[in-house]
Amino acid sequence: MQIDLVRKAAAGVLAALTLATTCPNLPALAQSAGGRIAVTDTTGSDVDGITRQILNKEIEFARMTADYRLHNVPYTAFRKWYTAILSTAAYSVADAGNIVTFRNGFKYHTHPQDFTQGRSEVGPCLIMIGEMLFFARTSGIMFTDIIHNEMIKRKGYDRKTYQTKALALNTEIRSLLTRRKGMISSADSAASQEQAVLTDVADSLTREYITNYARATRIAVSHIGENIVSNYASATGAFIGGLGVYNTAKHSRPKQLSTAGIGFLLQGPGFIIKDPAAYFGGRIAEHNTTQKLLAQHPELQSDPVTQLDADKQRLATLNVSGQIVGDRNKAYDLMSQALKKDQIVQANENKRLLHRYYHDQFINALEGGAVIGAGAIFAKAGYKFHYTPYNPLNTLFTARLFLKRFAIGALVFTPTASGGMIDTPVEALYDTYRHKKDNEEGIGPEAGMKARLALLDQAAGAIK
């Protein structure tokens, strides 16, 4: 009889072991705890496992977008200071040339016969050098943009690579969400509400991807527009205007000044339209890109981050307890904060760019108007000059009038060039100061994205 009892006990143990090994994923039983649903499964059910997968992929997506934003900036520090240094040098040299030119013109216009060629070349030569420095600035900026774009492309932060990775992650997240939806019961209010929260996060990340991709498009188009118009303005000013002024003095050909005047007449509108072409061209490209990408994602909500906060609140009000769900609630809060960081940084960036546009447009419109005015006077001075060897008195009168007009043309541009010498470095210094203050307040790009990445790290730690 004892042998039979031992055999029955052994058979029972064997059956229990067999059941345990063939059904490893059976969920733990929920235990009632004061009317609340207590999750006691420490290893996690299939739903918990796929939920963690979805959250990890969403965190990966959010990190990638933060890195992408940090590597795609409207203006690099090198670009800013290269522009400031070359512009200040160009304004300084051109302004010195204008001052020398109008002083000599007013000084010798009553007795042009005493105005030596060597003395007459100094001012126009400085004007030409200043215009050449402007051309060096604009062409250098263009090559700086090309080099920067190539650098971020090699690091994998160009638009094409970002789009490919973002779409792949989005597809993977949506697939996991579909799988999870099929695994939960419609009667399980907590699991269904968590599904809504996960979907809100996915929608927010997709909308964020669209915003950042369109933003990068705006930056690229803005730079292209700025570079095209700036190089047009600097080339006409340097190789037609500045060179024409110098040749007028070097070869003693007053008629040549009309060509120089035409060069400045062509240059002036470039100063005026540069900023609108860059700013509004970029904004239009951003808007069109956003609309195109939104049309490709009809599943997106109008404001997924706001919807996330609402669904997150509903999940929190459900009568759910337990370590697993509690940790995920914390992760959802952190994800919401991280998503809002991008929005805050973007809003601040738009504000700064608009202020920059207003400032630059005002200054460059004044400069462009002055260049057009000087060009018109130069063109008239050269066109009206007539050399009449048979009538020396008439030639002398014409020369006096020519020098006076030459001096007036140089004088017209002097105030704006003098202002540019001051405004350009001050603007760069203020931009540096404002950038630093924004980061101290947490709304600048570096501080904002650093805080965002820290929030994402906390979210990842909460679901491990």
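Our structure's up above, just so we're on the same page.
All of the points below concern the structure found in this document. (Residues numbered from 1 in each chain as written. Predicted model: local features only at pLDDT ≥ 70, side-chain atom pairs only at ≥ 80, totals over all residues. Heavy atoms only, no water.)

### Here we look at the side chain of S204
Note that S204 resides in helix α6 (residues 189-250). Leave out the neighbours within four places in its chain, and S204 touches P304, V305 and L339. (Helix = DSSP H or I, 4+ residues; strand = E, 2+ residues; numbered from the N terminus. Contact = heavy atoms within 4.5 Å.)

### What to know about the environment of L456
Relative to the elements of secondary structure, L456 occurs in helix α11 (residues 445-462). For L456, a relative accessible area of 0% translates into the label buried. When the C-alpha atoms of L456 and L334 are compared, they prove to be 6.8 Å apart, with 122 residues separating the residues in sequence. Discounting residues that sit within four places of it in the chain, L456 has contacts with I59, A62, R63, M335 and A338. (Buried < 20%, exposed > 50% of the residue type's maximum accessible area, 1.4 Å probe, protein only.)

### Examining the nonpolar core
In terms of nonpolar packing, the biggest core is built from 42 residues, with I59, F61, L205, Y209 and M335 touching the most fellow members. Looking at this core, the elements that each hand over two or more residues are α2 (46-71), α5 (159-183), α6, α8 (304-317), α9 (323-384) and α11. Looking at which element gives the most residues to this core, the answer is α6, with nine residues. If near-sequence neighbours (up to four positions away) are discounted, Y209 is found in contact with F61, Y162, Q163, A166, L167, L293 and H297. Judged by nonpolar contacts, the second largest core, of 23 residues, contains F115, A374, A381 and A399. (Core = buried A, V, L, I, M, F, W, Y, C linked by side-chain atoms within 4.5 Å.)

### Re unusual backbone geometry
We note that S252 has phi near 50°; this positive angle belongs to a residue other than glycine. Locating S252 in the fold gives a position in the loop between α6 and α7 (256-296). On the basis of relative accessible area, S252 is assigned to the partly exposed category, the value being 47%.

### Re the environment of V305
Considering the arrangement of structural elements, one finds V305 in helix α8. Overall, the relative accessible area of 8% leaves V305 in the buried class. In this structure V305 touches S204, L339, K340 and Q343, once residues within four positions along its chain are discounted.

### Quick look at the pattern of salt bridges
Taken as a whole and judged by the stated rule, the model has 27 salt bridges. In this structure, R328 engages D48 in a salt bridge whose closest nitrogen and oxygen atoms are separated by 3.1 Å. Placement of R328 in helix α9 and of D48 in helix α2 is noted, with a sequence separation of 280 residues between them. The class of R328 is buried, set by a relative accessible area of 3%. With a closest N to O distance of 3.6 Å, K57 and E60 form a salt bridge. Linking K57 with E60, this pair stays in helix α2, spanning three residues, or about one helical turn. Salt bridges sharing partners connect three or more residues here, namely R69, R215, R218, R283, E286, D342 and E349. (Salt bridge = Lys/Arg side-chain N within 4 Å of Asp/Glu carboxyl O.)

### Thoughts on a nonpolar patch on the surface
Judged by side-chain polarity, F106, I408, L411 and V412 come together as a nonpolar surface patch covering roughly 270 Å² of accessible area. The leading source of residues in the nonpolar patch is helix α10 (residues 392-440), at three residues. Looking at the element boundaries, F106 is found in helix α3 (residues 77-108). (Patch = residues over 30% accessible without salt bridge, like charges linked within 9 Å, V, L, I, M, F, W, Y side chains within 5 Å. Areas by Shrake-Rupley, 256 points an atom, 1.4 Å probe, with all protein chains shown as cover.)

### So, the packing of aromatic side chains
Overall, the coordinates contain 16 aromatic pairs when judged by the stated rule. Clustering of aromatic rings is evident, with ring pairs tying together F264, F378, F385, F402 and F406. (Phe/Tyr/Trp six-rings, centres within 6.5 Å; stacked < 30°, edge-to-face > 60°.)

### Comments concerning the environment of G182
Position of G182 among the secondary structure elements: in helix α5. Spatially, the C-alpha atoms of G182 and V47 are 9.9 Å apart, while their sequence positions differ by 135 residues.

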